[in-house]
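Coordinate analysis (summary)
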Amino acid sequence: MATETHEAAGHAADAAASAPGMPQLDFSNWGNQIFWLLVTLVVIYFVLSRIALPRIANVLAERQGTITNDIAAAEELKAKAVEAEEAYNKALADARAEAQRIVAEAKAEIQVDLDAATAKADAEIAAKAAESEKAIAEIRAGALESVKVVATETAAEIVAALGGSADDKAIADAIGTRVKG
Amino acid sequence: MEGQLAHIGAGLAAIGSGAAAIGVGNVAGNYLAGALRNPSAAASQTATLFIGIAFAEALGIFSFLVALLLMFAV
Amino acid sequence: MASEAHGAEEGGLVFHPMDQFIVKPLFGGDTIEWYTVTNVTLWMALAVVGIIAMMVLGTRRRAMVPNRTQSIGELAYGFVYKMVEDVAGKDAVKFFPYIMTLFMFIVFANFLGLIPMSFTTTSHFAVTVVLALLVFLTVTIVGFVKNGAGFLGLFWVSSAPLALRPILAIIELISYFVRPVSHSIRLAGNVMAGHAVIKVFAGFAAIAVVSPVSVVAITAMYGLEVLVAFIQAYVFTILTCVYLKDALHPSH
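Residues numbered from 1 in each chain as written. Chains lettered and ligands numbered in written order. Predicted model: local features only at pLDDT ≥ 70, side-chain atom pairs only at ≥ 80, totals over all residues. Heavy atoms only, no water.

Another aspect to go through is the overall build of chain C. Scanning chain C for helices and strands turns up seven helices and zero strands. Overall, chain C shows an N-to-C arrangement of helices and strands of α-α-α-α-α-α-α. Dimensions of chain C along its principal axes, counting C-alpha atoms only, are 65 × 55 × 40 Å. Within the span of chain C, comprising 252 residues, buried residues form 51% of the whole. The long-range fraction of contacts in chain C, counting pairs at least 24 apart against all pairs at least 6 apart in sequence, stands at 67%. Summed over its atoms, the accessible surface of chain C is roughly 11600 Å², and 73% of this surface lies on carbon and sulfur atoms. When the 14 basic and 13 acidic side-chain charges of chain C are each reduced to a single mean position, those positions are 16 Å apart. (Helix = DSSP H or I, 4+ residues; strand = E, 2+ residues; numbered from the N terminus. Buried < 20%, exposed > 50% of the residue type's maximum accessible area, 1.4 Å probe, protein only. Contact = heavy atoms within 4.5 Å. Areas by Shrake-Rupley, 256 points an atom, 1.4 Å probe, with all protein chains shown as cover. Lys, Arg positive; Asp, Glu negative; His and termini not counted. Charge placed at Lys NZ, Arg CZ, Asp CG, Glu CD.)

Let us now look at the packing of aromatic side chains. All told, the structure shown has 19 aromatic pairs over all chains when counted by the stated rule. For the ring pair F35(A) and W34(C), a centre distance of 4.9 Å and an interplane angle of 85° mean the geometry is edge-to-face. Remark: W34(C) occurs in the loop between α1 (2-10) and α2 (39-57) and F35(A) occurs in helix α2 (residues 30-161); the pair is interchain, linking two chains. Taken together, a centroid distance of 6.3 Å and an interplanar angle of 75° make the contact between F151(C) and Y176(C) edge-to-face. Residue F151(C) is located in the loop between α5 (125-147) and α6 (165-204), and its partner Y176(C) is located in helix α6; the two are separated by 25 residues in the primary sequence. Taken together, the aromatic side chains of F136(C), F144(C), F151(C), F155(C), Y176(C) and F177(C) make up a single cluster linked through ring pairs. (Phe/Tyr/Trp six-rings, centres within 6.5 Å; stacked < 30°, edge-to-face > 60°.)

All right, on to the interface of chain C and chain A then. Counting from both sides, the interface comprises 54 residues of chain C and, opposite them, 40 residues of chain A. Across the interface of chain C and chain A, roughly 4100 Å² is buried in total on both sides, 76% from carbon and sulfur atoms. At the boundary of chain C with chain A, the tally comes to one salt bridge. The shortest N-O distance in the salt bridge between R63(A) and E74(C) comes to 2.8 Å. Applying the counting criterion to the chain C and chain A interface returns 12 residue pairs in polar contact (both at pLDDT 80 or more). At the level of secondary structure, the elements contributing two or more residues to the side of chain C that touches chain A comprise α1, α2, α3 (68-88), α4 (96-113) and α5 of chain C. The leading source of residues in the side of chain C that touches chain A is α2(C), at eight residues. (Buried area = accessible area lost by both parts, 1.4 Å probe. Salt bridge = Lys/Arg side-chain N within 4 Å of Asp/Glu carboxyl O. Polar contact = N/O pair within 3.5 Å; in protein donor to acceptor, adjacent residues only side chain to side chain.)

Another aspect to go through is the side chain of Q232(C). Position of Q232(C) among the secondary structure elements: in helix α7 (residues 211-248). Setting aside anything within four residues of it in sequence, one finds Q232(C) in contact with E57(B), N110(C), R186(C), L187(C) and N190(C).

On to the confidence of the model for chain C. Detailed reading of the predicted coordinates is not advisable wherever pLDDT is low. Residues and elements named next belong to chain C. Across chain C, pLDDT averages 87, with 94% of residues at or above 70. Averaged over each element, pLDDT in chain C is lowest for α1 (40) and highest for α4 (95). With pLDDT under 50 throughout, residues 1-11 is counted as low confidence; its partners more than four residues away or in other chains account for 12 contacts. Across the interface, the model reports ipTM at 0.86; the global pTM reads 0.73. (pLDDT = per-residue confidence, 0-100.)

Let us look at α3(C). Taking 1.5 Å per residue, 21 residues should reach 30 Å; α3(C) reaches 30 Å between its end C-alpha atoms and fits that length. Those residues of α3(C) that fall on the buried side of the exposure criterion are Q70(C), G73(C), E74(C), A76(C), Y77(C), V80(C), M83(C), V84(C), V87(C) and A88(C). Along its buried surface, α3(C) packs onto α2 of chain A together with α2, α4 and α7 of chain C. Just downstream of α3(C), G89(C) is the residue with a positive phi angle, here 100°. (Expected span 1.5 Å × (residues − 1).)

L48(A), M55(C), M100(C), M104(C), F105(C) and L131(C) are the most contacted members of the largest nonpolar core, which has 69 residues in total. When residues of this core are traced back to their parent elements, those giving at least two are α2 of chain A, α4 (46-73) of chain B together with α2, α3, α4, α5, α6 and α7 of chain C. Not counting residues up to four positions away in its chain, the partners in contact with M55(C) are L48(A), A52(A), L53(A), I56(A), G73(C), M100(C) and M104(C). In this structure, I61(B), F21(C), A193(C) and A196(C) belong to the second largest nonpolar core, which totals 15 residues. (Core = buried A, V, L, I, M, F, W, Y, C linked by side-chain atoms within 4.5 Å.)

Another point: the packing of α2(C) against α4(C). All names here are of chain C. One way to put it is that α2 packs onto α4 with a least axis distance of 9 Å and a crossing angle of 115°. Classified by chirality, the crossing of α4 by α2 is right-handed. Residues W43, M44, L46, A47, G50, I51, M54 and M55 of α2 pack against M100, M104, F105, F108 and L112 of α4. Along the lines of polarity and charge, the residues of the contact of α2 with α4 split into 12 nonpolar, one polar and no charged. (Axes fitted to C-alpha atoms, helices over the stretch in contact; angles between N-to-C directions. Left-handed = near helix turned anticlockwise from the far one by under 90°. Nonpolar A, V, L, I, M, F, W, Y, C, P; charged D, E, K, R; others polar.)

The next subject is the pattern of salt bridges. Residues and elements named next belong to chain A. Scanning all chains against the criterion turns up seven salt bridges over all chains. One salt bridge in this structure joins E105 and R101, with 2.8 Å as the shortest N-O distance. Taken together, the positions of E105 and R101, both in helix α2 and four residues apart, correspond to about one turn of that helix. For E105, a relative accessible area of 43% corresponds to the partly exposed category. Measuring nitrogen to oxygen at the nearest pair gives 3.8 Å for the salt bridge that ties K169 to D173. You can see K169 and its partner D173 sitting in helix α3 (residues 168-180), four residues apart, about one turn around the helix. For D173, a relative accessible area of 47% corresponds to the partly exposed category.

Here it is, written out as structure tokens:
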């Protein structure tokens, strides 16, 4: 165990001796690194500040401008669309009002026609009814007359059949009172 | 013998890394706690978060550096 | 230690987690002069190529509706631009190309470093210290040029009780000068740590029994490293913005 540790320690010591330690602390090459670092930085600085950054700034500004323009155009189009919709709605409302007006007019016209026709028909009906009443009255009068005649004749026949004789005047009087009463 | 002592010292210096880890965790944890309370203010403080982490971590890196120096330069 | 000794007896287990960071001359030779073309040069050049491909070639169509590369470029632009504007203020926008340069370089260096067998330039303190010092100097100079002596108000916490202010001023002053240190070590340390840990796990893969675990661990670490690669670039950039805000508006 002891030898093992000793060996290991010896190995570690060997490694430490053969290894270069920390290359970062080897100051002999610092000048070299600093020189090349400064060269690198100067190159990067000029490339960036002369070419790359102005270019990217331009592209970004241009894009921003385009986006702003596009947004403005879109706003305009939107306003137009709203306007068009309003116009459409207005036209629709107008058309609807017009239609309603026409319907009302037509209705009124029809009503007038209808009223006239109704009045005419009423008058005709009234005339027809009067005529009919007159005819009925005539018929009724005719019928009474016929009843009288028939009754007189019948009564005369009956009287004759019974063997009596009766003058026409008495029969006519009797019939007249009976039929009337 | 001296080399062994240096290695022990390097190991002790490495404890500093753990301490830095605690520090970084503290920073990040408190940031998260604050960010969850007020998420709207969180985005503006990420830069501060990273600066805090960097400062906490730098000290851990110092201890790491001491360990390296003990390992390789002493 | 025990497992290492065990592995060492089997003869396979050797850890060289830091070997991946060695700076080597690219075309032979042993000495590294300041002008020598090394793997640092190669991977920095690749970062430049990547940035040019994305930001210049990707956007060459200047398309109104971007393709994939162009939208990534625009995303990066918008991301950093918004960060500068939000964190550092509107008048910091003139520093935007500078901050964008830092961000793009770090992002590309970090992600190129995640390619297996590659060299991670941002894992070297030489690189990150220069980046952090550049930021530090910029902030300090801009602060004094913009505000004159008023920039020193940054250290004089006027909202604190008068008795405490000198002490706070000393603390603020120290923290101001520690900034480039933490700024650089944070980036290099994170990147180096991740790569070294992956390498250590890879070393364990030499033991047959452990190797499945090792592969899973490497995969998990790699996922974490992808996250870290971006977050560290983000943190570096946002801290630059924070420091810049201090320079432009030093009042506490």
